[in-house]
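The primary structure of each chain is shown beneath.
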Amino acid sequence: MTDPVAVGLKSEAVYFDGVTSARHDVMLELNNYAVVIFDKTGELIDQWPYQRLKHLSAPAHLFRIGLRKSESLARLDIADQDMAHAIDLACPDIDRTGASARKAGRRVIGLSFLAAASLFAVAVYGLPAIVDRLAPLVPQGIERRLGNAADIQVRAMLDKGPPEQPFECGEAAVEQAGHAAFEKLMSRLQAAAELRLPLRAAVVRRNEANAIALPGGHIYVFKGLIDQAETVDEVAGVIAHELGHVANRDGTRAILQGTGLSLIFGILLGDFVGGGAVVLASESLLRSAYSRGAETRADDYAVRVMRTAGGDPRALGTFLARIAGKSRSGSIFMDHPGTGDRVARIDAIAPPQIAGATLLDAAEWRALKRICAGYR
Amino acid sequence: MAVAETGTAAGAARHVRFIGPERDYWRIVVRGAILLMVTLGLYRFWLATDVRRYLWANTEIDGESLEYSGTALELLQGFLFAIALILPIYIAFTITVLDLGAFGNFLSTSSVLLLVFLSQYGIYLARRYRLTRTVFRGLRFHQSGNAIHYSICAVWWWGWTVLTLGFAYPFTRAALERFKMRNTWYGDLQGRFVGSGWHLFIRGFLMWLAVLIPMLATAVALLAINWSAVIAVLSGGGDVIGRIEKASPRFLGQIGFAVTSFAVTLALVALLLPAFHAMVMRWWVAGIRFGEMSAVAHLRTRDVYAAYLRFGEIVATSHLRTRDVYLAYLRFIGFLIAFIVVLLVGVFFGLIVLGAFFESGAMLTEFVTVAMMVGTYVVFMLGLITLFNATVTLAVWRLTANSIALSDTRPIGQVKAAGDASSPLGEGIADVLNLGGI
């Protein structure tokens, strides 16, 4: 006790004993170590030591106290300002000015700001690190199942042709030679990549210049890609890039990362009003950032595979530049890095073309160009 | 009901009062909104506690104020418990869905139902927490009753309300209030709810019809359009409107009708909402009873209380005026317009600064732009809800409190302590499922 107690100070107060709801008008008197409570006839009711007092929530004109570490909800309502002030001074834990409450409040604000910041750090740095270690542990069986589920959806989305026309190229008689060329290309790439899981690659009837990889080793090369490619190595480079996604298990990673992100932002940070927008924006920004990282890794992988297979490692860059234009920088919302950056990186790590090296001969390349010729 | 009439006639004194200065409340909610932003929502436990402390402490019943004894740390703890409870459920369902194909899909559908149940379960437990943290005259309130029963009951009734487009709403409210109030205790004084669903139905039927008819008209107009034909001709350039007209004659007329009737629906909702709010509030207060025959019988054992026998039950009535609620909503709209103007001016200057200091096309500019857009949205939504809280919620609380008359306040002083403090788990569940409330 830092301040001397106003011993002998008396005032009226209202007392509730915590046993019944009856209101008792009482007299309070302060002694050296406690607030003494008397009833109107002067009978002692109770003594509350200063050390055990706690300040309770009450309207502004009342000073309400109770006992700490007590099951009882006994309360004293004190309207007398002198008495309130004297008890405030006598009791180290009571602070009517609210200074200590404000200090505690500031600490809470500081701590929750730190917590929010550290959750962001976890999302940016921790989550990819966790996923890096977790993704290789996901069994092949589950990955295949995920791939099959995704496959059904992707086919439903992409297969817009008439029902009699097969989605995958290579079945009709005129397509057989192309199919054989494609198989040869795939086996050369797969040998170079040393992938241990079974691949299911196919050329499909879509006019976009694109290719996609699903978890579990499904790879779809779009017809448009082969149409727009000028050399077989350009096609091979894109396929090698997709092989990179398969080898890095990027599909599974994306699922794990998505789950982690929605846990962090959706549940932990909660949905204060308008917070949904923060959550959505952060999620999509981080998702794109993760994805850009995955694309860069797949490009690096493609360069390595193309070198091993004996093709032109720079063909991927050449092709990208031709079909996408060479805008230098990307956008924070894009899930691919800017094409200019990609080409520059590929050129930087890939050795110049080995003269004459190519993955298929001219006849095979012509056949591959006609792999979807069966249905026009 | 005879008691109610006697009570109202006798209740000249104001038994319930709200004495909180509005400025204090503004300070709490505005400061809270800013801190919510800074802490990405983690401050919500402290904000909820501050708001409840203020509302409780400034509500006087028969001269004594209520007290909220809960703490923010308890809410945080309940939230962490709830995460520990709900997270494994989420994960288990995710894994089963991945593993089991069609059966997994069935499970994932039923998990939605489970979450609906869980949310009602959480709501009931959260009410228990709030009641046991409500202290009045040195005794706490408490809540009995099985939360699982309540959640089944609630899902059943709300299901009907949704299926009947709101027709069952009065009966849902009545049934659930009966459940809740029957299990609400102040010490050993039991509560009850006698409000009838039919009463609410009769009072609100015309409002319901007024909103439902234009809403149904919107739906019918939209359904009458041959959407597949419209979508089929949508792609491709040129005269899209002309092709749509050919594919689905009277398309423009139907869309116009749908838009108009939807606008009428919204206008009617806006116009009728305050009246509805006031009406439900009056009905709810008038249905509340405290002290049943059992409580009276218990009081009889003491001679002193014999005189109170006839008034053993506390009957509440409310004279909340619809006009006052309309004024509160109008005030909200006034503040909202001022807020939007300020916000727009702020965004305007923000754009000027952005244009002056950042070169276009750079990654940083893009980032700042996105941050500004999101920030503006967050400020707007938080501002909207904060203004609503500071005007409508507080005003309705104050007006309702000040309008309540009790038939007899003497039983309030004769109650014995009962019930223990409950765990904050329910608040946590409600929070995890984004259902938190005052």
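Scroll up a little and you will see the structure.
One structure accompanies this document, and this report is about it. On a predicted model such as this, the values are computed, not experimentally measured, just so you know.

About the thresholds
Residues numbered from 1 in each chain as written. Chains lettered and ligands numbered in written order. Predicted model: local features only at pLDDT ≥ 70, side-chain atom pairs only at ≥ 80, totals over all residues. Heavy atoms only, no water. Helix = DSSP H or I, 4+ residues; strand = E, 2+ residues; numbered from the N terminus. Rg over C-alpha atoms; globule rule 2.2 N^0.38 Å. Buried < 20%, exposed > 50% of the residue type's maximum accessible area, 1.4 Å probe, protein only. Contact = heavy atoms within 4.5 Å. Salt bridge = Lys/Arg side-chain N within 4 Å of Asp/Glu carboxyl O. Buried area = accessible area lost by both parts, 1.4 Å probe. Nonpolar A, V, L, I, M, F, W, Y, C, P; charged D, E, K, R; others polar. Axes fitted to C-alpha atoms, helices over the stretch in contact; angles between N-to-C directions. Parallel < 35°, antiparallel > 145°, perpendicular 65-115°, else oblique. Left-handed = near helix turned anticlockwise from the far one by under 90°. Pairing = 2+ DSSP bridges. Phe/Tyr/Trp six-rings, centres within 6.5 Å; stacked < 30°, edge-to-face > 60°. Lys NZ or Arg CZ within 6 Å of the ring centre and 35° of its normal.

### As for the overall build of chain A
Scanning chain A from terminus to terminus reveals 11 helices and 10 strands. Computed over its C-alpha atoms, the radius of gyration of chain A comes to 37 Å, more than 25% above the 21 Å expected for a compact globule of 376 residues. With respect to the principal axes defined by its C-alpha atoms, chain A has extents near 115 × 45 × 35 Å. Burial status across chain A gives 48% buried among its 376 residues. Across chain A, the fraction of contacts at a sequence separation of at least 24, relative to all contacts at a separation of at least 6, is 60%.

### Side note on the pattern of salt bridges
Counting across every chain of the model gives 32 salt bridges over all chains. Here A:D300 and A:R345 are joined by a salt bridge, their closest N and O atoms 2.7 Å apart. Of this pair, A:D300 sits in helix α8 (residues 275-309) while A:R345 sits in helix α10 (residues 339-349), placing them 45 residues apart in sequence. The exposure class assigned to A:R345 is partly exposed, which follows from its relative accessible area of 39%. Two residues, B:K180 and B:E177, come together in a salt bridge whose shortest N-O distance is 3.4 Å. Placement of both B:K180 and B:E177 in helix α6 (residues 169-182) is noted, with a separation of 3 residues, approximately one turn of the helix. By relative accessible area, which is 6% here, B:E177 ends up buried. A cluster of three or more residues bridged by salt bridges with shared partners is formed by A:R64, A:R75, A:D77 and B:E67.

### Thoughts on the environment of B:L222
Residue and element names in this part refer to chain B. Locating L222 in the fold gives a position in helix α7 (residues 197-224). Take L222: its relative accessible area is 35%, and that puts it in the partly exposed class. Linking L222 and A258, residues 36 residues apart in sequence, is a C-alpha distance of 6.4 Å.

### Notes on the interface of chain B and chain A
Listed by partner, the interface residues are 52 residues for chain B and 44 residues for chain A. Between chain B and chain A, roughly 4200 Å² of surface is buried when both sides are summed, and carbon and sulfur atoms account for 68% of that area. Its largest share of buried area at the contact with chain A, chain B owes to B:L40, B:E67 and B:R137, together 15% of the area lost on that side. The tally of links between chain B and chain A comes to 3 salt bridges. For the salt bridge of B:E67 with A:R64, the shortest nitrogen-to-oxygen distance reads 3.4 Å. Those elements that provide at least two residues to the side of chain B that touches chain A are α2 (22-38), α3 (44-57), β3 (64-68), α4 (72-132), β5 (139-143) and α13 (363-403) of chain B. When its residues are assigned to classes, the side of chain B that touches chain A shows 32 nonpolar, 9 polar and 11 charged.

### Focus on the packing of helix α9 (residues 315-324) of chain A against α10(A)
Residue and element names in this part refer to chain A. In the contact formed by α9 and α10, the axes pass within 9 Å of each other and the chain directions differ by 165 degrees. Taken together, α9 and α10 sit at an angle that is classed as roughly antiparallel. At the point where α9 passes α10, the crossing takes the left-handed sense. Seen from α9, the contacting residues are L316, G317, L320, A321 and A324; seen from α10, they are T339, R342, V343 and I346. Residue classes in the contact of α9 with α10 are distributed as 6 nonpolar, 2 polar and 1 charged.

### Observations concerning the sheet that holds strand β10 (residues 218-222) of chain A
Residue and element names in this part refer to chain A. The mixed open sheet is built from 3 strands, whose spatial order is β8-β10-β9. Looking at the sheet topology across the chains shown, the edges are occupied by β8 (200-204) and β9 (211-214). Each neighbouring strand pair of the sheet contributes to a mean axis angle of 15 degrees, computed without reference to strand direction. Packing against the sheet, helix α3 (residues 140-158) makes contact with β8, β9 and β10, and its axis sits at approximately 25 degrees to β10.

### A word on the packing of aromatic side chains
Residue and element names in this part refer to chain B. Enumeration over the complete set of coordinates arrives at 31 aromatic pairs over all chains. With a centroid separation of 6.0 Å and 65 degrees between ring planes, the pair formed by F18 and Y54 is classed as edge-to-face. Linking F18 in strand β1 (residues 16-18) with Y54 in helix α3, this pair joins segments that are 36 residues apart in sequence. On the accessibility criterion, F18 (8% relative accessible area) is buried. What links up through ring pairs into an aromatic cluster is the set F167, F171, W198, F201, F205 and W208. The lysine or arginine in question, R44, covers the ring of F79, its NZ or CZ lying 5.0 Å from the ring centre. We note R182 situated over the ring of F179; from NZ or CZ to the ring centre the distance is 5.3 Å.

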